[in-house]
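# Overview (structure and organization)
Here are the chains, one letter per residue:
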Amino acid sequence: MNRSTSALAALSADEKATVLNGLLIARPDLRELAETYAVRLMSTEDRSAVTVAVAGRLRGLDIEELNGRAGYRPGRGYVHPVEAAAEIMDEALEPFLRDLERRAALGMTTAATELAVRILLGLYECRDGSSETLLEYSPDYAAERAANVVDQCAKLGIDLPRAELPDLLPEWDGILC
């Protein structure tokens, strides 16, 4: 077999996960090394990109997405466009919140704190609902979800930098106290 490229390089993320799991089963002695790499990755990734990603996801949700969610829905009744918009935006925000919970559960308090602040900054960038996006339908969405993130951090034992937040998020100093 003559290959000019690596089969490992061609694998999808799911296939790479399968290979890693197989290696760790076959070679349990590699588990500690893999754990070290996993902790390093989760502790040092570029969390500044999270701010851009949160804002981008929320701003990228088009009003057209309401067509399948708002109005009368069999088995559910009438769904107001504001409620539908919030549900769609919650789905976009959910991966960031799950990542926050995951890091907190692993005891990565510094990484979790930094991630929470970046999520808050991303929400802050969306505080003025953009026209032609779902944020227009739910102008209080960003502030409400920011308050939820602060509450979630308290429940997860994540200490937010309370002294710095008013400087980072000046229009929300009342929400974040």
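Right above here is the structure, for reference.
Residues numbered from 1 in each chain as written. Predicted model: local features only at pLDDT ≥ 70, side-chain atom pairs only at ≥ 80, totals over all residues. Heavy atoms only, no water.

## Focus on the nonpolar core
Put simply, the rule is: Throughout this description, the term nonpolar core refers to a set of buried Ala, Val, Leu, Ile, Met, Phe, Trp, Tyr and Cys residues connected via side-chain atoms within 4.5 Å. Only protein chains enter the accessibility calculation, which uses a 1.4 Å probe; a residue is then buried when its area is under 20% of its type maximum, exposed when over 50%, and partly exposed in between. Starting at the N terminus, helices and strands are each numbered in turn, a helix being any DSSP run of H or I of at least four residues and a strand any DSSP run of E of at least two. Contacts between residues were defined by any pair of non-hydrogen atoms, one from each residue, lying within 4.5 Å.
Formed by 43 residues in total, the largest nonpolar core has its most connected members in L58, I119 and L123. Going through the elements one at a time, α4 (48-59), α5 (81-105), α6 (109-124) and α7 (141-156) are the ones with two or more residues in this core. The leading source of residues in this core is α5, at 11 residues. Beyond its immediate sequence surroundings of up to four residues, L58 is in contact with M89, A92, L123, C126, L135 and Y141.

## Observations regarding α6
Rules: For a helix, the expected span equals 1.5 Å multiplied by the residue count minus one.
Compared with an ideal rise of 1.5 Å per residue, which puts 16 residues at 22 Å, α6 spans 22 Å between its outermost C-alpha atoms and is within 8% of the ideal. Burial analysis of α6 places 12 of its 16 residues in the buried class, the great majority of the element. Every buried residue of α6 is listed here: A111, A112, T113, L115, A116, V117, I119, L120, L121, G122, L123 and Y124.

## Re the packing of α6 against α7
Using the following cut-off: Note on method: axes are straight lines fitted to C-alpha atoms, helices fitted across the in-contact stretch only, with angles between N-to-C directions ranging 0 to 180 degrees. Any angle that is under 35 degrees is reported as roughly parallel, and any over 145 degrees as roughly antiparallel; angles of 65 to 115 degrees are reported as roughly perpendicular and all others as oblique. Any residue outside Ala, Val, Leu, Ile, Met, Phe, Trp, Tyr, Cys, Pro, Asp, Glu, Lys and Arg is labelled polar, Gly included; the first ten of those are nonpolar and the last four are charged.
Relative orientation of the contacting elements α6 and α7 amounts to 170°, with a least axis distance of 9 Å. Considering the angle they form, α6 stands roughly antiparallel to α7. When α6 is examined against α7, the residues A116, I119, L120 and L123 are found in contact with a partner set consisting of Y141, A142, R145, A146, V149, V150 and C153. Partitioned by chemical class, the residues of the contact of α6 with α7 number 10 nonpolar, no polar and one charged.

## Regarding the packing of aromatic side chains
Note the following rule: A pair of aromatic rings is counted whenever rings of Phe, Tyr or Trp (Trp by its six-membered ring) have centres within 6.5 Å, and the orientation is called stacked for planes under 30 degrees apart, edge-to-face for over 60 and tilted otherwise. Geometrically, a lysine NZ or arginine CZ counts as sitting over a ring once it is within 6 Å of the ring centre and also within 35 degrees of the ring normal.
All chains considered together, the criterion is met by one aromatic pair. Their ring planes at 90° and their centres at 5.0 Å tell us that Y124 and W172 sit as a pair that is edge-to-face. One end of the pair, Y124, is in helix α6; the other, W172, is in the segment after α8 (165-168), and 48 residues separate them in sequence. One exposure class covers both Y124 and W172, and it is buried. For R127, the ring lying beneath its charged end belongs to Y124, and the centroid distance is 3.8 Å.

## A word on a nonpolar patch on the surface
Which entries qualify depends on this criterion: Two distance rules govern patches: like charges are joined within 9 Å, and nonpolar side chains (Val, Leu, Ile, Met, Phe, Trp, Tyr) within 5 Å, applied only to residues with over 30% relative accessible area and no salt bridge. Throughout, the Shrake-Rupley method with a 1.4 Å probe supplies accessible areas, and for residues the shown protein chains are the sole cover considered. Each reported salt bridge corresponds to a side-chain nitrogen of Lys or Arg within 4 Å of a carboxyl oxygen of Asp or Glu.
Residues L8, V19 and L23 make up a contiguous nonpolar surface patch of roughly 250 Å² in combined accessible area. By the secondary structure assignment, V19 is in helix α2 (residues 13-26). Overall, the relative accessible area of 33% leaves V19 in the partly exposed class.

## Observations concerning a negative patch on the surface
Counted only if it meets this: Asp and Glu count as negative and Lys and Arg as positive, but His and the ends of the chain are not part of the count. For charged residues, the charge sits on one atom: NZ in Lys, CZ in Arg, CG in Asp, CD in Glu.
Taken together, the side chains of D62, E64, E65, E132 and E136 make up a negatively charged region of the molecular surface. Take E136: it is sitting in the loop between α6 and α7.

Scope: geometric values only; no functional claims are made or implied.
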